[in-house]
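If you want the building blocks of each chain, they are given just below.
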Amino acid sequence: GNFHSTKIMLATRLTQKLGLAHPIVSAPMALAGGGKLAAAVSEAGGLGMIGGGYCDKAWVAEQLDIAEAEQRHNEQGALNVGCGFITWALAKTPGLLADVLERQPRAVMLSFGDPAPFAQQIADAGVPLICQVQTFENAKRAVEVGANVVVAQGAEAGGHGEGRATMTLVPEVADWLASHAPETLLLAAGGIGDGRGVAAALMLGADGVLIGSRFWATTEALVHPKMLEDATKATGDDTIRTSVADVARKLDWPERYTCRVLKNQFMDKWHSDIPGLVANADGEAAKWTAAWADGDTTIASPVVGEAAGLIKDVQPAGQVLRTLVEETEHLLSGGWMAS
């Protein structure tokens, strides 16, 4: 099998290749996933990723500094965290990738756009490339450009994504990788909120998991308390895939991607009237920005996935990771038969 279970760690090909104690990576969530969260996840034995997102150079540099200051296991000044980018935004931000690679992050993740223009630069820096994909075709493309790790992301995920479900996309990609690119590692993403999801992902053929929402609901995440409160009370039914948040923020997202958020009055008003929202974009964008800062969740939606229904509290990220590992370990060592 591709994992064996011990009391100390969950060992998989991912933990071996990336030098981790546990095969759990925190998603590089734009705006929410800063240096503090990433450092906490890495300190606890996973791989923490800073959400470089829309590629604000100053913000990314600041968060990398924070991560570096937080980390205790600092080998030769090497960064203990990775950094992720929205690929189409990175293409509009010359110089940022070079700046980040110079700091030798644990990995760079690209998602939402063709990774080809950046793959060689990342490889030349000796940094592992993680490519997140939402379709089987794009998984093949990621391997073609030299991804070391492919993330198969299902539509259950919070934030941006597409239409395939985690349950089927992961094993389909796993089978293709096994026969065409056996050295390439696979992470499952989308809807994984507890140890059951981690264990299931390993059973589906993944080498580990990428988790967003559960790490979003932590004390280290850069999220307004009101948004956290709403998400911990929500069920998975309360989320929706929509373009409203992007249009309201005047973000230039390619049409194929939608963003899963919690439903609210603003979503109810505009979800079926995108042309109306476009026509009123200036005023609505100002409203959204103000609401985001104030934590007014009737307008600005918390960006969280269907796993919201599994999240009942906000905890420190290290505790979240330890609980995930304990639950997974219990299940994989026969606990599933007793439950």
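Scroll up a little and you will see the structure.
The present account deals with the structure reproduced in this document. On a predicted model such as this, the values are computed, not experimentally measured, just so you know. (Residues numbered from 1 in each chain as written. Predicted model: local features only at pLDDT ≥ 70, side-chain atom pairs only at ≥ 80, totals over all residues. Heavy atoms only, no water.)

## Considering the pairing of strand β11 (residues 208-211)
Here β11 shows two buried faces, one formed by G208 and L210 and the other by V209 and I211. Relative to β11, strand β10 (residues 185-189) is paired through three bridges, and the arrangement is parallel. Paired with L187 across the two strands is G208, which belongs to β11. For the crossover that starts at β10, traverses helix α9 (residues 195-203) and ends in the parallel β11, the hand is right-handed. (Buried < 20%, exposed > 50% of the residue type's maximum accessible area, 1.4 Å probe, protein only. Helix = DSSP H or I, 4+ residues; strand = E, 2+ residues; numbered from the N terminus. Pairing = 2+ DSSP bridges. Right-handed = clockwise from strand over helix to strand, strands pointing away.)

## So, the environment of A221
Along the polypeptide, A221 turns up in the loop between α10 (213-216) and α11 (225-233). Assessed through its relative accessible area of 9%, A221 is described here as buried. Residues A221 and G35, spaced 186 residues apart in sequence, show a C-alpha to C-alpha distance of 9.0 Å. Ignoring sequence-local partners within four residues, the contact set of A221 consists of A32, L37, F215 and W216. (Contact = heavy atoms within 4.5 Å.)

## Remarks on unusual backbone geometry
Located in the positive-phi region is C55, a residue other than glycine, with phi close to 70°. When you line up the elements, C55 lands in the loop between β4 (49-53) and α3 (57-70). A positive phi angle, close to 75°, is found at F112, a residue other than glycine. Relative to the assigned elements, F112 resides in the loop between β6 (108-111) and α6 (116-124).

## A few points about helix α2 (residues 35-43)
In terms of residue burial, α2 counts as a mostly covered element, since eight of its nine residues are buried. If you check which residues of α2 are buried, you get G35, L37, A38, A39, A40, V41, S42 and E43. Check the buried side of α2 and you find it contacts β3 (24-26), β4, α3, α10 and α16 (317-338).

## So, the sheet that holds strand β9 (residues 159-161)
In spatial order, the strands read β9-β13-β12; together these three strands make up an open sheet with antiparallel pairing. The sheet terminates laterally at β9 and β12 (239-242), the two strands that pair on one side only. Neighbouring strand axes in the sheet, compared pairwise and without regard to direction, differ in orientation by 30° on average. In the sheet, β9 pairs with strand β13 (residues 258-262) via three bridges, with the strands oriented antiparallel. Bridging from a neighbouring strand, G161 pairs with T258 of β13. (Axes fitted to C-alpha atoms, helices over the stretch in contact; angles between N-to-C directions.)

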